[in-house]
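Residues per chain, in single letters:
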Amino acid sequence: MAILNRTAIESMGFASVGDNIRISDRASFYNCPHISIGNNTRIDDFCVVSAGAGGITIGDYVHIAVYSSLIGSGIITLSNFCNISSRVAIYSSSDDYSGEAMTNPMVPELYTQVLHADVFLGKHVIVGSGSVILPGVRIEEGAAIGALSLVREDCRTFGVYAGAPAKFIKNRKKDLLDLETKFLKTICPD
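None of these values were measured; they are calculated from a predicted model. (Residues numbered from 1 in each chain as written. Predicted model: local features only at pLDDT ≥ 70, side-chain atom pairs only at ≥ 80, totals over all residues. Heavy atoms only, no water.)

Visitor: Where do I start with unusual backbone geometry in this structure?
Guide: Note: most peptide bonds trans; most residues except glycine with negative phi. Cis rather than trans, the peptide bond between Ala-164 and Pro-165 has omega equal to 5°. With respect to the element layout, Pro-165 can be found in the loop between strand 21 (159-162) and strand 22 (167-171). (Helix = DSSP H or I, 4+ residues; strand = E, 2+ residues; numbered from the N terminus.)

Put into structure tokens, the structure is as follows:
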């Protein structure tokens, strides 16, 4: 994976960009003035990050793996320490599939009923490969989403969810919170 240098990243016109950013030269970004990227974040090959009016905020220590996409007009927030596995799709906009309206962005808005709703992923959320997250979903801190899941409802703190649609499976351990504290002390000692 070829990584963009700092000059190239800054020339893209992001709303803000932190330090130690690793962005593939094969990733695609749209509406950069509405995209903020935190420190120590990596975005791999063939990812698509397309911000609408709401914008996209990517926190610190976030990884967005190969072929993933973040798309839509609503706000998309990836909090610190999120891990997005390969081929994950996060949507903050979706066409109306009922047949009551026409679909696709080439049809004038007058004839469509696109749903726009914010998507939020809390700290330490991990989303397994091939999962889809629909508009309006909140995945709270520490939740884990299994591979190939369809997330259409909120997920509670430190829950493990899987399936299509995603269902609660069990509670997730919280050991990672102690590890976070130890890790942050190594980079910012008192």
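Visitor: In this structure, what is going on with the environment of Phe-81? I would like to understand it.
Guide: Here Phe-81 lies in the loop between strand 10 (76-78) and strand 11 (83-84). With residues near it in sequence (within four places) discarded, Phe-81 still touches Asp-60, Tyr-61, Val-62, Lys-123, His-124, Val-125, Glu-180, Phe-183 and Leu-184. (Contact = heavy atoms within 4.5 Å.)

Visitor: Got a minute to help me understand the nonpolar core in this structure?
Guide: Judged by nonpolar contacts, the single largest core of 37 residues is most densely connected at Leu-78, Ile-90, Leu-121 and Ile-139. Residues within four places of Leu-121 in sequence aside, it is in contact with Thr-77, Leu-78, Ser-79, Cys-82, Ile-84, Ile-90, Val-127, Ile-133 and Ile-139. (Core = buried A, V, L, I, M, F, W, Y, C linked by side-chain atoms within 4.5 Å. Buried < 20%, exposed > 50% of the residue type's maximum accessible area, 1.4 Å probe, protein only.)

Visitor: Honestly, the sheet that holds strand 5 (residues 42-43) in this entry has me stumped. Any pointers?
Guide: With mixed pairing, eight strands are arranged side by side in an open sheet as 2-5-8-11-16-19-21-22. Bordering the open sheet on either side are strand 2 (22-23) and strand 22, each of which pairs with just one other strand. Inspection of the sheet shows strand 5 paired to strand 8 (residues 63-64) by two bridges, in the parallel sense. Directly across from Ile-43, in strand 8, lies its bridge partner Ile-64. (Pairing = 2+ DSSP bridges.)

Visitor: Just to check I follow, could you spell out the sheet that holds strand 7 (residues 56-58) for this structure?
Guide: In any sheet, the strands associate via hydrogen bonds between backbone groups, in a parallel or an antiparallel arrangement. Taken in spatial order, the six strands make up an open sheet running 1-4-7-10-15-18, and their pairing is parallel. Every other strand in the sheet has two partners, leaving strand 1 (16-17) and strand 18 (138-139) as the edge strands with one partner each. Bridge analysis of strand 15 (residues 119-121) against strand 18 gives two bridges, and the strand direction is parallel. Its bridge partner being in strand 18, Phe-120 is matched across the sheet by Arg-138.

Visitor: Would you explain the side chain of Asp-44 in this entry?
Guide: Relative to the helices and strands, Asp-44 resides in the loop between strand 5 and strand 6 (48-51). A polar atom in the side chain of Asp-44 sits 2.6 Å from the side chain of Arg-42. Once residues lying within four places of it in the same chain are set aside, the contact partners of Asp-44 are Met-1, Ser-24, Ala-27, His-63, Ile-64, Ala-65 and Val-66. (Polar contact = N/O pair within 3.5 Å; in protein donor to acceptor, adjacent residues only side chain to side chain.)

Visitor: Just to check I follow, could you spell out the pairing of strand 21 for this structure?
Guide: Side chains on a regular strand alternate between the two faces of the sheet. The sheet contact formed by strand 19 (residues 144-145) and strand 21 spans two bridges and is parallel. Directly across from Ala-144, in strand 21, lies its bridge partner Val-160. Bridge count for strand 21 against strand 22 is four bridges, and the pairing is antiparallel. Each bridged residue has a counterpart across the sheet, and for Val-160 the counterpart in strand 22 is Lys-170. What sits between strand 21 and strand 22 in their antiparallel hairpin is a turn of four residues, with Gly-163 showing a positive phi close to 110°.

Visitor: What am I meant to see in the pairing of strand 6 here?
Guide: Of the two faces of strand 6, the one lined by Val-49 and Ala-51 is fully buried and the one lined by Val-48 and Ser-50 carries no buried residue. Pairing analysis gives three bridges linking strand 3 (residues 28-30) to strand 6, with the strands arranged parallel. Bridge pairing links Ser-28 to Val-48 in strand 6. Looking at chain direction, strand 6 and strand 9 (residues 69-72) are connected through four bridges and run parallel. In the sheet register, Val-49 faces strand 9, and the bridge partner there is Leu-70.

Visitor: Explain the pattern of salt bridges here, please?
Guide: For the coordinates displayed, the defined rule picks out five salt bridges. With its nearest N and O atoms 2.8 Å apart, the salt bridge here joins Lys-123 to Glu-180. In this pair, Lys-123 is assigned in the loop between strand 15 and strand 16 (126-127) and Glu-180 in helix 2 (residues 175-187), connecting sequence segments 57 residues apart. Exposure remark for Lys-123: the relative accessible area of 28% places this residue in the partly exposed category. For Glu-140, the salt bridge goes to Arg-138, with nearest N and O atoms at 2.9 Å. By relative accessible area, Glu-140 is classed as partly exposed at 25%. (Salt bridge = Lys/Arg side-chain N within 4 Å of Asp/Glu carboxyl O.)

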